[in-house]
Amino acid sequence: MQTFREDNEKKKEFLRKYRKHGRKISRVESELEEIRLMKLYPSLNSDGMPHGSNQSDLSDYAAELTEKEEILYLEGIEQVKSYKDISYKINQLENEDERDVLFYRYIKDKRWWEIAELMGYSERWITELHGRALAHLKI
């Protein structure tokens, strides 16, 4: 049987899926930018002289770009799916304040003090609402 703490951790893990996809998307976008920059400004070979690229270099470059773009596309799809799953579960909560706390925390990635400011409550009350929301959340 799952304890209360384990149950809450499982719920938090579910709620964090959206942000995880967002971080992966950012990382892949950075990788794509790095690949493009390396092609624009290739390093000098060990003899210190710039060298032209051959057809195989271009094929490798195109293949690497295509692979990263595919990963980016698929990760975007997964992020949309997780957003839909999470927002559906959040919207099942009866209490609007509980819904807002979970939305701001797990979808908008707000800190406790930011949520308190947005909602006009103390941070302490926001963390209390968060606990209540987790207790009421069904996943």
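See the structure shown above.
Residues numbered from 1 in each chain as written. Predicted model: local features only at pLDDT ≥ 70, side-chain atom pairs only at ≥ 80, totals over all residues. Heavy atoms only, no water.

(A) Up close: a negative patch on the surface. A cluster of acidic residues, Asp57, Asp60, Glu64 and Glu67, forms a negative patch at the surface. Looking at where Glu67 falls in the secondary structure, it is placed in helix H2 (residues 55-91). (Patch = residues over 30% accessible without salt bridge, like charges linked within 9 Å, V, L, I, M, F, W, Y side chains within 5 Å. Areas by Shrake-Rupley, 256 points an atom, 1.4 Å probe, with all protein chains shown as cover. Salt bridge = Lys/Arg side-chain N within 4 Å of Asp/Glu carboxyl O. Lys, Arg positive; Asp, Glu negative; His and termini not counted. Charge placed at Lys NZ, Arg CZ, Asp CG, Glu CD. Helix = DSSP H or I, 4+ residues; strand = E, 2+ residues; numbered from the N terminus.)

(B) Quick peek at the packing of helix H1 (residues 4-40) against helix H3 (residues 96-107). Where H1 contacts H3, the axes come no closer than 8 Å and their chain directions differ by 50°. Accordingly, the angle class assigned to the pair H1 and H3 is oblique. Counting all contacts with H1, which are made through Lys12, Leu15, Arg16, Tyr18 and Arg19, the residues of H3 involved are Leu102, Arg105, Tyr106 and Ile107. Broken down by class, the residue content of the contact of H1 with H3 amounts to 5 nonpolar, no polar and 4 charged. (Axes fitted to C-alpha atoms, helices over the stretch in contact; angles between N-to-C directions. Parallel < 35°, antiparallel > 145°, perpendicular 65-115°, else oblique. Contact = heavy atoms within 4.5 Å. Nonpolar A, V, L, I, M, F, W, Y, C, P; charged D, E, K, R; others polar.)

(C) The arrangement of the packing of aromatic side chains in detail. The final tally for this structure, using the stated rule, is 2 aromatic pairs. Note on Tyr18 and Tyr83: the rings are 5.5 Å apart at their centroids and 55° apart in plane angle, and the pair reads as tilted. On the criterion of sequence distance, the pair formed by Tyr18 in helix H1 and Tyr83 in helix H2 is long-range, its members being 65 residues apart. Residue classification places Tyr83 among the partly exposed positions, given a relative accessible area of 32%. With a centroid separation of 5.8 Å and 65° between ring planes, the pair formed by Phe103 and Tyr104 is classed as edge-to-face. The exposure class assigned to Phe103 is partly exposed, which follows from its relative accessible area of 28%. Over the aromatic face of Trp112 sits the side chain of Arg105, whose NZ or CZ is 3.9 Å from the ring centroid. (Phe/Tyr/Trp six-rings, centres within 6.5 Å; stacked < 30°, edge-to-face > 60°. Buried < 20%, exposed > 50% of the residue type's maximum accessible area, 1.4 Å probe, protein only. Lys NZ or Arg CZ within 6 Å of the ring centre and 35° of its normal.)

(D) Representation of the pattern of salt bridges in the model. All chains considered together, the criterion is met by 8 salt bridges. For the salt bridge of Glu31 with Lys68, the shortest nitrogen-to-oxygen distance reads 2.8 Å. A residue pair is termed long-range when its members are at least 10 positions apart, and Glu31 in helix H1 and Lys68 in helix H2 qualify at 37 residues. Since its relative accessible area comes to 29%, Glu31 is described here as partly exposed. Residue Arg132 pairs with Glu128 through a salt bridge whose shortest N-O separation is 3.1 Å. With a gap of 4 residues between them, Arg132 and Glu128 both fall in helix H5 (residues 123-136), about one helical turn apart. For Arg132, a relative accessible area of 37% gives the class partly exposed.

Just geometry here; none of it tells us what the structure is for.
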